[in-house]
Amino acid sequence: MEEQLNFAPVGYLVMDQDLKIIEMNRTMIEMSHVESAPTHMHDLLTIASRVYFQTYFIPAIITHGAVSEMFLRLKGPDGPIPVLMNTRKRNELFECAFMQVPIRNEYENELLNAKREAEQISHATAEANSELQLLLDEVKYKQEELNIMNGRLREMTNTDVLTGLKNRRYLEEFLPGLIAESNLTLLIIDIDFFKRINDTFGHHAGDVVLKELAEVLTRTIGDDGFAARLGGEEFVAVLPQMELSEAQEIAEKIRFNVEMHDWPYQPITVSIGVASNSDCISFPDLLNEADTALYNSKNAGRNRVSVSS
């Protein structure tokens, strides 16, 4: 073998069709780390490369007469040696050139490591996203619970505990806006001689009467408005979008239904004051107008309806 080929920068060997090695250059001997030339191609390869070589090389060389850049690993004292093999068939022999590619192997390892790290990061990200979604769902659920609780608390603070009607706080918050937007009539309803019921039958009897009066007011007013409890034995009826004359008719109907109702303990009557917001610019003013009309009913003998002048 010519000296130039013997010390060429690539490994060179010739083998026959049985894959027996006929000759090798010095570079190939050094590359394969063998003291003497091996007799068969399989002697140079790792087990995995041997299987791959046997499976791929023979069909390819027979079909195409050449094999380009076949990646193999040679056996080495410190581990596999990655090489690229180029082969061509000439005169029933196979001429093979081998070039070491340790950098490519490092790149492949780096790519594999990078892929593993990316997969780990992707997995960790998926877990983090899943945990984040669970937290977001929990926050959303807690927010919905909080909204429900706030709604219940708001309802509780705006509701009279005894009768279940709206309370004075609700009226003070709700009516100013309603008064500004619509024609509204307010009725103040006061139970006549309510103190006698408490003194005669006890406060439990008074509570029963107050709760039953709330039911009578709600039934009588219906969809025309709503009833609320101002405090004590005083109630109001809020009648939006209603003329004063029509509101006066509802007030008379309330007074009559209360008088005719089958009350426990003893019969009761109510006195009613009626006022419209046509001349009033605020809830306190409207309440004072209705209250003045209520006292007119009281002073006129009770169990009657008076309209603010």
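Before reading further, recall that the structure is shown in the block above.
A brief report on the enclosed structure follows. Please read these numbers as outputs of a predicted model, since none were measured by experiment.

### What about the packing of helix α6 (residues 194–201) against helix α7 (residues 203–221)?
Line of reasoning, step 1. The geometry of α6 relative to α7 is characterised by a closest axis approach of 6 Å and an angle of 135 degrees between their N-to-C directions. Here α6 is positioned oblique relative to α7, judged by the angle of their axes. For the pair α6 and α7, the contacting residues are F194, I197, N198 and F201 in the first and H203, A205, G206, V209 and L210 in the second.
Line of reasoning, step 2. Its residues placed into classes, the contact of α6 with α7 shows 6 nonpolar, 3 polar and no charged.

### A look at the sheet that holds strand β1 (residues 11–15)
Line of reasoning, step 1. Pairing in this open sheet of 5 strands is antiparallel, and the strands run β2-β1-β5-β4-β3 from one edge to the other. Across the chains shown, the open sheet's two edge strands, defined by having one partner strand only, are β2 (21–24) and β3 (66–74). The sheet shows a mean angle of 25 degrees between the axes of neighbouring strands, direction not considered.
Line of reasoning, step 2. Two strands pair when backbone bridges link them, and β3 and strand β4 (residues 81–90) are joined in this way by 7 bridges, in the antiparallel orientation. Bridge pairing links L74 to I81 in β4.
Line of reasoning, step 3. On top of the sheet, helix α3 (residues 47–64) reaches β1, β3, β4 and β5 (93–100); it is set at about 170 degrees to β3, its chief contact.

### A closer look at α3
Line of reasoning, step 1. Taking 1.5 Å per residue as the helical rise, α3 with its 18 residues ought to reach 26 Å, and the 25 Å between its terminal C-alpha atoms agrees with that figure.
Line of reasoning, step 2. The largest bend along α3 reaches roughly 35 degrees and is located at F53.
Line of reasoning, step 3. Buried within α3 we find S49, F53, F57, A60 and I61.
Line of reasoning, step 4. The elements touched by buried residues of α3 are β1, β3, β4 and β5.
Line of reasoning, step 5. Phi turns positive one or two residues past the end of α3, at G65, with a value near 75 degrees.

### What to know about a negative patch on the surface
Line of reasoning, step 1. A contiguous patch of negative charge on the surface is contributed by D223, D224, E243, E246 and E249.
Line of reasoning, step 2. Tracing the sequence through the fold places E243 in the loop between β8 (234–240) and α8 (244–260).

### Some points on the packing of aromatic side chains
In this description, a pair of aromatic rings is defined by centroid distance and the angle of the planes.
Line of reasoning, step 1. Tallied over the full model, the rule gives 7 aromatic pairs.
Line of reasoning, step 2. Between Y170 and F174, the ring centres sit 5.0 Å apart and the planes meet at 15 degrees, which makes this aromatic pair stacked. Here Y170 and its partner F174 are both found in helix α5 (residues 168–181), 4 residues apart, which amounts to about one turn of the helix.
Line of reasoning, step 3. Ring-pair connections join several aromatic residues into one group, and the members of that group are F53, F57 and F94.
Line of reasoning, step 4. Positioned above the aromatic ring of Y170 is the side chain of K166, whose terminal nitrogen or guanidinium carbon lies 4.8 Å from the ring centre.
Line of reasoning, step 5. Directly above the aromatic system of F193 lies the positively charged group of R196, at a separation of 3.8 Å from the ring centroid.

### Section: the side chain of N167
Line of reasoning, step 1. Mapped onto the elements of the fold, N167 is located in the loop between α4 (102–157) and α5.
Line of reasoning, step 2. With relative accessibility at 13%, the residue N167 sits in the buried group.
Line of reasoning, step 3. In this structure, N167 is in contact with T157, N158, T159, D160 and R229, ignoring residues within four places of it in sequence.

### Digging into the pairing of strand β7 (residues 226–231)
Line of reasoning, step 1. Pairing geometry for β7 and β8, over 5 bridges, is antiparallel. Note on β8: the bridge partner recorded for R229 is F235.
Line of reasoning, step 2. Hairpin geometry of β7 and β8 is characterised by an intervening segment of 2 residues between the two adjacent antiparallel strands and by a positive phi of about 60 degrees at G232.

### Focus: unusual backbone geometry
Line of reasoning, step 1. At L19, a residue that is not glycine, the phi angle is positive and equals roughly 70 degrees.
Line of reasoning, step 2. Checked against the element boundaries, L19 lands in the loop between β1 and β2.
Line of reasoning, step 3. Given the relative accessible area of 4%, L19 is considered buried.
Line of reasoning, step 4. The backbone of Y265 sits at a positive phi, close to 70 degrees, despite the residue not being glycine.
Line of reasoning, step 5. For Y265, the position within the fold is in the loop between α8 and β9 (270–276).
Line of reasoning, step 6. Exposure remark for Y265: the relative accessible area of 40% places this residue in the partly exposed category.

Thresholds applied
- Residues numbered from 1 in each chain as written.
- Predicted model: local features only at pLDDT ≥ 70, side-chain atom pairs only at ≥ 80, totals over all residues.
- Heavy atoms only, no water.
- Axes fitted to C-alpha atoms, helices over the stretch in contact; angles between N-to-C directions.
- Helix = DSSP H or I, 4+ residues; strand = E, 2+ residues; numbered from the N terminus.
- Parallel < 35°, antiparallel > 145°, perpendicular 65-115°, else oblique.
- Contact = heavy atoms within 4.5 Å.
- Nonpolar A, V, L, I, M, F, W, Y, C, P; charged D, E, K, R; others polar.
- Pairing = 2+ DSSP bridges.
- Expected span 1.5 Å × (residues − 1).
- Bend = angle between axes of the 7 residues up to and from the residue.
- Buried < 20%, exposed > 50% of the residue type's maximum accessible area, 1.4 Å probe, protein only.
- Patch = residues over 30% accessible without salt bridge, like charges linked within 9 Å, V, L, I, M, F, W, Y side chains within 5 Å.
- Areas by Shrake-Rupley, 256 points an atom, 1.4 Å probe, with all protein chains shown as cover.
- Salt bridge = Lys/Arg side-chain N within 4 Å of Asp/Glu carboxyl O.
- Lys, Arg positive; Asp, Glu negative; His and termini not counted.
- Charge placed at Lys NZ, Arg CZ, Asp CG, Glu CD.
- Phe/Tyr/Trp six-rings, centres within 6.5 Å; stacked < 30°, edge-to-face > 60°.
- Lys NZ or Arg CZ within 6 Å of the ring centre and 35° of its normal.

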